[in-house]
Amino acid sequence: MTTSAPMDPAARPVRLLIVDDDPLVRAGLALMLGGADDIDIVGEGTDGTEVAELVDRLRPDVVLMDIRMPGMDGLTATESLRSRPDAPEVVVLTTFHADEQVLRAIRAGAAGFVLKDTPPAQIVDSVRRVAAGDPVLSPAVTRRLMARAAGTGPRDDRMDRADRARQRIAALAEREREVAIAVARGRSNAEIAATLYLSVATVKTQVSRILAKFGFNNRVQIALLVHDAGLLDDDGAEPAT
């Protein structure tokens, strides 16, 4: 399997911190990611309690974080880390049976997740995409998580959440709304640009405006809001109005 093209050789390599309590997993990740010329593994951690100090000292661009660790789990570490100014992006390592945990991580500001049995090339590609500002959730995985999010909590809470989401979406300009829906479908900036006949730079600007309006950390949170507002059907298409 091939990966997407690496970053511009003139660009600074992505500084990556790996956090996992299993030494074999860390070794495997370091082996596969260390072979990429545009990724620099600056350190490794074994527990969530180490993350703050490692980030302060090593200044990574991306943290690849296991969810289940002793001491402080990856979810708590992600919530703490993403509440800080200038925090690095976080990609959580998980398995499909941990949907609720993944949702908690995403709502806390994680850029997405990769499964531990994901092919090595895709994990490398995921780190590159997150560093470039793109989400790492495929449309199929996004829809799975969106459906899980929609089904959690009492019915009244879900209805309240939908009402609040629709009110927030109403504050967007028409083009921003179109971009937000495309983001929720799991499309990259280039794909959104092609679909809406915009430049990639304009799409990036629109996404940045949406993030700023809602105080979000990443695109996955936009996707959750769009789904909560009921703007996507089960096939990922916008419902007819």
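Residues numbered from 1 in each chain as written. Predicted model: local features only at pLDDT ≥ 70, side-chain atom pairs only at ≥ 80, totals over all residues. Heavy atoms only, no water.

**Describing the pairing of strand β3 (residues 62–66)**
Part 1: Among the five residues that make up β3, five are buried, leaving the element largely enclosed by the rest of the structure.
Part 2: Of the two faces of β3, the one holding V62, L64 and D66 and the one holding V63 and M65 are both buried throughout.
Part 3: Of the strand pairs in this sheet, strand β1 (residues 14–19) and β3 are connected by four bridges, and their pairing is parallel. Residue pairing across strands places V19 opposite M65, the latter belonging to β3.
Part 4: Of the strand pairs in this sheet, β3 and strand β4 (residues 89–94) are connected by five bridges, and their pairing is parallel. Paired with V62 across the strands is E89, a residue of β4.
Part 5: The parallel pair β3 and β4 is bridged by helix α3 (residues 74–82), and the resulting crossover is right-handed. (Buried < 20%, exposed > 50% of the residue type's maximum accessible area, 1.4 Å probe, protein only. Helix = DSSP H or I, 4+ residues; strand = E, 2+ residues; numbered from the N terminus. Pairing = 2+ DSSP bridges. Right-handed = clockwise from strand over helix to strand, strands pointing away.)

**As for the nonpolar core**
A general feature of soluble globular proteins is that nonpolar side chains tend to end up buried together.
Part 1: With 25 residues, the main nonpolar core has I169, V179, I192, V207, I210, I222 and V226 as its most contacted residues.
Part 2: Elements with a contribution of two residues or more to this core: α7 (155–169), α8 (174–184), α9 (189–196), α10 (200–214) and α11 (219–228).
Part 3: It is α8 that contributes the most residues to this core, six residues altogether.
Part 4: Setting aside residues up to four positions removed in sequence, I210 forms contacts with L172, E176, V179, A180 and I222. (Core = buried A, V, L, I, M, F, W, Y, C linked by side-chain atoms within 4.5 Å. Contact = heavy atoms within 4.5 Å.)

**Topic: the confidence of the model for the protein**
The predicted coordinates of low-pLDDT regions are not to be read in fine detail.
Part 1: When pLDDT is averaged along the protein, the result is 81; 79% of the residues meet or exceed 70.
Part 2: Every residue in residues 1–5 is under pLDDT 50, and counting partners more than four places away or in other chains gives seven contacts.
Part 3: Segment residues 234–241: pLDDT under 50, and 15 contacts once partners within four positions in sequence are set aside and those in other chains are kept. (pLDDT = per-residue confidence, 0-100.)

**Thoughts on unusual backbone geometry**
Part 1: Backbone geometry places R59, a non-glycine residue, at a positive phi of 50 degrees.
Part 2: Topologically, R59 is positioned in the loop between α2 (51–58) and β3.
Part 3: Of note, D86 is a non-glycine position whose phi angle comes to about 60 degrees, a positive value.
Part 4: Residue D86 is classed as exposed on the basis of its relative accessible area of 79%.

**Here's the deal with the pairing of strand β5 (residues 112–115)**
The two faces of a sheet get side chains in turn, since along a regular strand they alternate between them.
Part 1: Burial of β5 is two-sided: the residues G112 and V114 facing one way and the residues F113 and L115 facing the other way are all buried.
Part 2: Pairing analysis gives four bridges linking β4 to β5, with the strands arranged parallel. Bridging across to β5, V91 finds its partner in G112.

**Focus: the packing of α9 against α10**
Part 1: Where α9 contacts α10, the two axes come as close as 8 Å, and the packing angle between them is 105 degrees. One finds that α9 runs roughly perpendicular with respect to α10. Facing N189, A190, I192 and A193 of α9, the residues of α10 in contact are V200, V203, K204 and V207. (Axes fitted to C-alpha atoms, helices over the stretch in contact; angles between N-to-C directions. Parallel < 35°, antiparallel > 145°, perpendicular 65-115°, else oblique.)

**Things to note about the environment of I39**
Part 1: For I39, the location among the structural elements is in strand β2 (residues 39–45).
Part 2: The class of I39 is buried, set by a relative accessible area of 5%.
Part 3: The residues contacting I39, other than those within four sequence positions of it, are P13, V14, L16, L33, V124, V127 and R128.

**Structural notes on the sheet that holds β1**
Part 1: What the five strands build is an open sheet, ordered β2-β1-β3-β4-β5; its pairing is parallel. The open sheet is flanked by β2 and β5, the only strands paired with a single partner. Averaged over all pairs of adjacent strands, the angle between their axes in this sheet comes to 25 degrees, without regard to strand direction.
Part 2: Where β1 meets β2, six bridges bridge the pair, whose relative direction is parallel. In the sheet register, V14 faces β2, and the bridge partner there is I39.
Part 3: Lying on the sheet, helix α1 (residues 23–34) is in contact with β1, β2, β3 and β4; it crosses β2 at an angle near 170 degrees.

**Quick look at the packing of aromatic side chains**
Each aromatic ring pair is specified by the distance between its two centres and by the angle formed by the two planes.
Part 1: In this structure the tally under the stated criterion is one aromatic pair.
Part 2: Aromatic pair F214 and F216: ring centres 5.3 Å apart, planes at 50 degrees, arrangement tilted.
Part 3: Residue F216 is classed as buried on the basis of its relative accessible area of 17%. (Phe/Tyr/Trp six-rings, centres within 6.5 Å; stacked < 30°, edge-to-face > 60°.)

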